Amino acid sequence: MNYFAGIDVGSTAIKVAVVNEAGDIAGVHVTASGSLFHKNSLEALNTLLDKLGLKREDVRYLIATGYGRKLFKEADDSISEITANAIGAFEAGKAFGGVRTIINIGGQDSKAIQIDDTGNVVNFAMNDKCAAGTGRFLDVAARNLDLDLEELGEYHFKSEVAPLNINSTCTVFAESEIIGLLANGHGKAEIIAGIHYSIASRTVRLAKRVGIEDRVYFDGGPALNKGLVAALQDELGRELVIPEHPQTTTAFGAAVLARNEFVAEQSSEKV
Amino acid sequence: MTNETSKVIPIQSIPYSRSRQAGESQDVLDHIIDDFHDNPESMQYFYDLFRSVYCHGEEVKHEGMLVGTTCIQAPEELIYAFGATPMRLCNGSYHYDQKGAEFMPSKSCSLVKATLGMLNSDNVIPKIGKPDMIVNPTTCDQKKKSSSMMGDMGYKVYDLEFPNVKESEASRQYWQRSVRQFATELRQLTGRKLTKKGLQAAFNKTGRAQAAFRKLHSYRLLSPSIILGKDIFLVTNAYFFDDITRWTEKVEALNVELEARKQAGFKAVQSKAPRVLFTGSPPIFPNLKLPLLIEEAGGVVVADESCSANRMLYDMTAVDEWMVNDMVDSLADKYLKPCTCPIFTKNEDRKRRLLDLVKSFNADGVVYQAFSGCQVYEMEYRSVAEAFNQAGIPMLYVETDYSPDDKGQLSTRIEAFLESMKNRKKQKQRAAG
């Protein structure tokens, strides 16, 4: 049985996905990037293979994507995370009648991608100039509120008043704003809701640049945050398709591409 | 109270070739040469030229008086006709961009900032010496406002009045009058008269250079490409300051080599390499950031609509009557009529030109560069995007400046764009096949 892998070497986390010959997910794994990209990527890949009881030779094609895609020499090829994300979302979206707009919020950037009915990228927009509206903002907020990242979602729904307006566009300056709000007696819940809405409205502005079409797929680590998802749905005015493992859609897309490339190479060799 | 005394640390002078400014040019030039394969042998002249002028700070000589220009709308034929030498001052150095920042708002055109930074510097690179006059066409706002700043720096600046409307006869006459006035100014500067012979010789000199460029431009039609865009930009950038006769000879030699490549079926890129049309704010050495990112990622810039290359050398002067006044008016027409700069009220000519270039050069997509703060290019993006959208041609819009810190993010976007173009092409071929 042949397997294919995709590895998304991000600035914050390394994500690996393995698919089988049919293109179905065999397994995924997420770990922190750290500073030694190559070493940590290799470890992440081996950890997943061990978990699945596979050997390196079982993986017939490996594609790397993400920030560190060119550094991971173990891969057979590399592809931009925009294309990989589009493929992953397109495949996952088939079960929901097809996806046309993809919103990804990552550790340090956010993107909106428009695809056509064959999964090809038609247009995209990225916020890659600053960390506002990215996972980093959630990190900073959690730290300032003395909470774990995973707790932010549930706090969102505890708010008994309207979400506060967070005015700072800069993640770093927002720290001061949060501290000021706490000092003025505001509760954590409404601050967190405010932060989620701040990220959501900024994200919707980005998505409008490429045009929003149903269905809208939301992925990236922050999509695990149910509070952020609620805020984004509210700002968009549409339902969102959220994958089971939102962090690994891009890695999954790379794995699907690895499978497709392998199959294409095999059939051209036959001719 | 301590026994320490302060002292003044003297400024250490470093030779130019070891300065960070030279390093910027060094890095780009090394990248252009070393990181690509099969550079044409005839390009060695241009590589050596940029090495000596931008990396070693060698002097650039000229004949007669030196007239600096800040825009391609300054009629260089007229300058040659008066026995002077024109040199384009538009600068591409990040070092000078930072120096020029004190003169301009924080979000403004890097090109104008860099030019001001260069002119204000004690050590102007390229080492052309102080221009006897700078002719500054009133094309874009930022160029226009830089005029008085250049004057304050001690340069003799001539404002060449340029119209904002293309289509009106009034604008045409206004511009013809403006060019004639410029001729008068040149007569005062040089102390020479404008003769039919002098003007004809100037037309011949520039005409020959334009013909050499157009031949070079025609070799880019070939698919797969036989020469990369990075080399073409270097060749046209050299035109800014190199001796025109020598430049023409070297381009003609390059054309001979390209003809040989064509006959031999030489390929500079893989057959699937995406063919890109580059448009917008001009890439000027050492700021060849975007074209280089495109070609590093496996694309090839097959044509451009920018004033540091195609727009500078493509159009010929059509002379009706070979008498001085008519020749000057024909010259003015050549500068106004085909101009596709975004400074005009309407941009139908630009859209038409872009669509035509995509078609003739068989481009798979377009990269549109706008310098941050360049309002005219930023504003025209919308109508150009619509025109391309209707024609089904993919386009990537990149707003950037001279700073090198966004290379990582831009390379991701460019790669994604090239991947999408490749996919589209595959789908089209499968549908047709």
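A. Seen up close, the overall build of chain B. Each helix and strand in chain B was counted, giving 16 helices and eight strands. Its C-alpha atoms give chain B a radius of gyration of 22 Å, near enough to 22 Å, the size a compact globule of 433 residues would have. Its C-alpha atoms give chain B principal-axis dimensions of roughly 80 × 70 × 40 Å. For chain B, the proportion of its 433 residues judged to be buried stands at 47%.

B. Just the confidence of the model for chain B, in detail. With 99% of its residues at a pLDDT of at least 70, chain B reaches an overall mean of 95. The complex prediction reports pTM at 0.90, with the ipTM value standing at 0.80.

C. Up close: the sheet that holds strand β1 (residues 3-9) of chain A. Residue and element names in this part refer to chain A. Read across the open sheet, the five strands follow the order β3-β2-β1-β4-β5; overall the sheet is mixed. On the outer flanks of this sheet lie β3 (25-32) and β5 (77-78), each paired with one strand and no other. Summarising the sheet, β1 and strand β4 (residues 59-65) pair through six bridges and their orientation is parallel. From the neighbouring strand, Ile7 faces β4, where its bridge partner is Ala64. Sheet strands touched by helix α1 (residues 37-52): β1, β2 (13-20) and β3. Its angle to β3, the strand with the most contacts, is close to 145 degrees.

D. View of the packing of helix α14 (residues 348-360) of chain B against helix α15 (residues 375-391) of chain B. All names here are of chain B. At a closest axis distance of 10 Å, the pairing of α14 and α15 adopts a crossing angle of 40 degrees. The angle between α14 and α15 falls in the class oblique. Seen from above, α14 lies across α15 with right-handed handedness. Of α15, the residues touching α14 (which contributes Lys351, Leu354 and Leu355) are Ser383, Val384, Ala387 and Ala391. Considering only residue class, the contact of α14 with α15 consists of five nonpolar, one polar and one charged.

E. Looking closely at the domain arrangement of chain A. Residue and element names in this part refer to chain A. Partitioning chain A into structural domains gives domain 1 (1-78 + 247-271) and domain 2 (99-238). Each of domain 1 and domain 2 was reduced to a C-alpha centroid, and the two centroids are 28 Å apart. Contacts between domain 1 and domain 2 engage six residues on the former and seven residues on the latter. Taken together, the residues of the side of domain 1 that touches domain 2 sort by class into one nonpolar, five polar and no charged.

F. Main features of the nonpolar core. Ranked by internal contacts, the top residues of the largest apolar core, which has 201 residues, are Ala5(A), Ile7(A), Val16(A), Ala255(A) and Val276(B). Among the elements that take part in this core, helix α6 (residues 188-210) of chain A stands out by supplying ten residues, more than any other. Counting residues domain by domain, this core receives three or more from each of domain 1 (1-78 + 247-271) and domain 2 (99-238) of chain A. The contacts of Ala5(A), once residues within four sequence positions are left out, are Val16(A), Ala17(A), Val18(A), Leu45(A), Val59(A), Leu62(A), Ala255(A) and Ala258(A).

G. Summary view of the pairing of strand β5 (residues 275-280) of chain B. All names here are of chain B. Along β5, six of the six residues are buried, which leaves the element largely enclosed by surrounding structure. Pairing analysis gives five bridges linking β5 to strand β6 (residues 300-305), with the strands arranged parallel. Looking at β6, one finds that Phe278 is bridged to Asp304. Once you follow β5 into helix α11 (residues 289-296) and on to β6, the crossover reads as right-handed. Taken together, the five bridges between β5 and strand β7 (residues 365-371) define a ladder with parallel strand orientation. Among the inter-strand pairings, Val276 is bridged to a residue of β7, identified as Gly365.

The rules behind these values
- Residues numbered from 1 in each chain as written.
- Chains lettered and ligands numbered in written order.
- Predicted model: local features only at pLDDT ≥ 70, side-chain atom pairs only at ≥ 80, totals over all residues.
- Helix = DSSP H or I, 4+ residues; strand = E, 2+ residues; numbered from the N terminus.
- Rg over C-alpha atoms; globule rule 2.2 N^0.38 Å.
- Buried ≥ 20, exposed ≤ 12 C-beta atoms within 10 Å, placed from the backbone.
- pLDDT = per-residue confidence, 0-100.
- Pairing = 2+ DSSP bridges.
- Contact = placed C-beta atoms within 7 Å.
- Axes fitted to C-alpha atoms, helices over the stretch in contact; angles between N-to-C directions.
- Parallel < 35°, antiparallel > 145°, perpendicular 65-115°, else oblique.
- Left-handed = near helix turned anticlockwise from the far one by under 90°.
- Nonpolar A, V, L, I, M, F, W, Y, C, P; charged D, E, K, R; others polar.
- Domains from an automatic or database assignment.
- Core = buried A, V, L, I, M, F, W, Y, C linked by C-beta atoms within 7 Å.
- Right-handed = clockwise from strand over helix to strand, strands pointing away.

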